[in-house]
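Chain by chain, the residues run as shown.
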Amino acid sequence: MNLEYFIAKRLIRGGADKISISAPIIKIAIAAIALGILMMLIAIATGTGLKVKIREKVTAFNGHIQIYNYDNNNSDVSVVPVSTQQDFYPEFNIVDEVAHVQAVAKKAGVIRTENTFEGMIAKGVGKDFNWKVLEEYLVEGKLPKYDGELNDEVLMSRIMANRLQLKTGDTFYAVFFKDDSDKLPNQRKFKITGVYDSGFEEIDGVLVLVDIRHIQRMNKWESNQVGNFEVFLDDFDAIEDKTKDIYGKTLSDLDTQNIKNKYFRIFEWVGLFDFNIALIIGIMIIVAGINMITALLVLILERTQMIGILKALGAANWSIRKVFLYNATYLIGIGLFWGNLIGLGIIWLQSKYKLFKFPNPKEYYIEYIPVHIDLWTVILLNIGVLVLCLLMLLLPSYIITKITPVKAIKFE
């Protein structure tokens, strides 16, 4: 039998925390643990959720990695075409962990109506385009289909539709200028079949999705010529390694760029979330640890006579310290239980009902506060809090070694 555990269990069952002096202090310590784990869970869930959501939005409209001709010089529009006759298209088998690859092309133009006009970038997509990633951003109408004959359906952002005073079902004319200024520009008539809203004004303010065959015809490209390829990965965290792998396994006249480099300002800002999360976790652990130290010292003070008796019976200092560390572990466990119950409950409610929203959605590119947390994160966080709090309690428990049996037994 574990003697220290047996004594600690008897102390707990005997209601040591109901003594008038220690009861409020112990309750405060438990509340501090519960509040600390609750705040840490929410900080991780909201920080990670926002990161994941921003990544998803940027990726949906750009892919994780783009492959294009060197001569395009990172331009937002397609100048020099790339042949679709590549080893990695239409099935990307030359690099592992690639989920999908699609061919696209972009061309700058101007939309004009009777009352106003707007500059835009027409992104041409074909039958290989993955529309599933855009379904959650569709707010009106339906997604266009380009798997049949050439059609004039387009997907426009809500921002641009409002500026142009257009709605689903309306038609408009778009003018596309040619490289040779002496030639007349191309004009196309399009019909809005759907309206999307990603929350990114950098994207929504200019991007219109059209049939890629319009751009191929205007640029006088062959049917097997496109502007660039967009590659989607299974794991966003592997984006840097996969960018290098793809660059090394494609032709020498092709370059690669990932969205972290293309939108580096956004991802630099997103990277600050990790620091904020770590700071919150550190502060909460320190606060919870200090409260547990206070509770442990009070427990030792109240049980001074018991400590003296145990020492008189021959108990070692470390054995007595273990009794109080077991007791502290129990109190920490209660705090962790309630903190996890409340914290995970709030996260679930927010995930399902989106109760809390940002006061200024434009600053965070999303209306509601997204949450995301996995089981392993919860488990590791709880283990980390428990271990760190116990380590912090080792030093104050050392005071037991300074208690002498004679004075302790006389202590009242």
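Above this text you will find the structure in question.
Residues numbered from 1 in each chain as written. Predicted model: local features only at pLDDT ≥ 70, side-chain atom pairs only at ≥ 80, totals over all residues. Heavy atoms only, no water.

**Section: the overall build of the chain**
The following threshold applies: Where helices and strands are cited, they refer to DSSP runs of H or I of at least four residues and of E of at least two residues respectively, numbered from the N terminus. Atoms counted for the radius of gyration: C-alpha only. Globule rule: 2.2 Å times residue count to the power 0.38. We call two residues in contact when some of their heavy atoms are within 4.5 Å. All accessibility values rest on the Shrake-Rupley procedure with a 1.4 Å probe; residue burial counts only the protein chains present in the view.
Across its full length, the chain holds 13 helices and twelve strands. Over its C-alpha atoms the chain spans a radius of gyration of 31 Å, topping by over 25% the 22 Å that the globule rule assigns to 412 residues. Expressed as lengths along the three principal axes of its C-alpha atoms, the size of the chain is roughly 105 × 45 × 30 Å. Counting only contacts in the chain whose residues sit at least 6 apart along the sequence, the fraction spanning at least 24 positions is 77%. A total accessible area of about 21700 Å² is found for the chain, and carbon and sulfur atoms account for 57% of it.

**Concerning a nonpolar patch on the surface**
The criterion, for reference: For patch detection, residues must exceed 30% relative accessible area and be free of salt bridges, and they are connected within 9 Å for like charges or within 5 Å for nonpolar side chains (Val, Leu, Ile, Met, Phe, Trp, Tyr). Think of a salt bridge as a Lys or Arg side-chain nitrogen and an Asp or Glu carboxyl oxygen that are within 4 Å of each other.
A cluster of nonpolar side chains, contributed by Phe337, Trp338, Leu341, Ile342, Ile346, Trp348, Leu349, Tyr353, Leu355 and Phe356, occupies part of the molecular surface with about 1000 Å² of accessible area. Residue placement: Trp338 occurs in helix 10 (residues 317-353).

**Here we look at the packing of helix 2 (residues 23-62) against helix 12 (residues 375-397)**
In plain terms, the rule: Note on method: axes are straight lines fitted to C-alpha atoms, helices fitted across the in-contact stretch only, with angles between N-to-C directions ranging 0 to 180 degrees. Crossing handedness follows the turn of the near helix against the far one: under a right angle anticlockwise gives a left-handed crossing, and clockwise gives a right-handed one. Under the grouping applied here, Gly and all other residues not named as nonpolar or charged are polar, the nonpolar ones being Ala, Val, Leu, Ile, Met, Phe, Trp, Tyr, Cys and Pro and the charged ones Asp, Glu, Lys and Arg.
Where helix 2 contacts helix 12, the two axes come as close as 11 Å, and the packing angle between them is 145 degrees. Where helix 2 crosses over helix 12, the handedness of that crossing is right-handed. Only Thr377, Val378, Leu381, Asn382, Val385 and Cys389 of helix 12 make contact with helix 2, whose side of the interface consists of Ile33, Ile37, Met40, Leu41 and Ile44. When grouped by side-chain class, the residues that make up the contact of helix 2 with helix 12 number nine nonpolar, two polar and no charged.

**Comments concerning the packing of aromatic side chains**
Our working definition: Pairing of aromatic rings covers Phe, Tyr and Trp, the last through its six-membered ring, and needs centres within 6.5 Å; plane angles under 30 degrees mean stacked, over 60 mean edge-to-face, and all others mean tilted. The classification of residues rests on relative accessible area computed with a 1.4 Å probe and restricted to protein chains. Under 20% of the type maximum is buried, over 50% is exposed, and intermediate values are partly exposed.
With the rule as written, the count across this model stands at 18 aromatic pairs. Ring geometry for Phe88 and Phe229: centres 5.0 Å apart, planes at 90 degrees, overall edge-to-face. Linking Phe88 in the loop between strand 2 (82-83) and strand 3 (98-112) with Phe229 in strand 11 (residues 228-233), this pair joins segments that are 141 residues apart in sequence. Comparing Phe88 with Phe229 shows no difference in burial state: the two are buried. On the numbers, 6.2 Å between centres and 85 degrees between planes, the contact of Trp348 with Tyr353 is edge-to-face.

**Concerning the layout of surface pockets**
Using the following cut-off: Cavity and pocket criteria rest on a 1 Å grid covering protein atoms alone: a 1.4 Å probe that fits but cannot get out defines a cavity, protein on both sides within 12 Å along at least 5 of 7 lines defines an open pocket, and an atom within 4 Å of a point defines a lining residue. Grid points are joined across faces, edges and corners, and a volume is the space filled by probe spheres set on the points.
Put simply, the largest pocket is a space of about 520 Å³. Together, 20 residues line the largest pocket, and Lys57, Asp197, Ser198, Gly199 and Glu367 are the ones closest to its centre. Secondary-structure elements contributing two or more residues to the lining of the largest pocket are helix 2, helix 3 (158-164), helix 4 (201-204) and helix 11 (361-364). Of all the elements, helix 3 adds the most residues to the lining of the largest pocket, at three residues. Of the residues assigned to the lining of the largest pocket, the class counts are seven nonpolar, three polar and ten charged.

**A short note on unusual backbone geometry**
The residue after Tyr89, namely Pro90, is reached through a cis peptide bond having omega 5 degrees. By the element assignment, Pro90 lies in the loop between strand 2 and strand 3. With a phi close to 65 degrees, Glu97 is a non-glycine residue in the positive phi region. Mapped onto the secondary structure, Glu97 falls in the loop between strand 2 and strand 3. Although it is not a glycine, Tyr365 adopts a positive phi angle of roughly 65 degrees.

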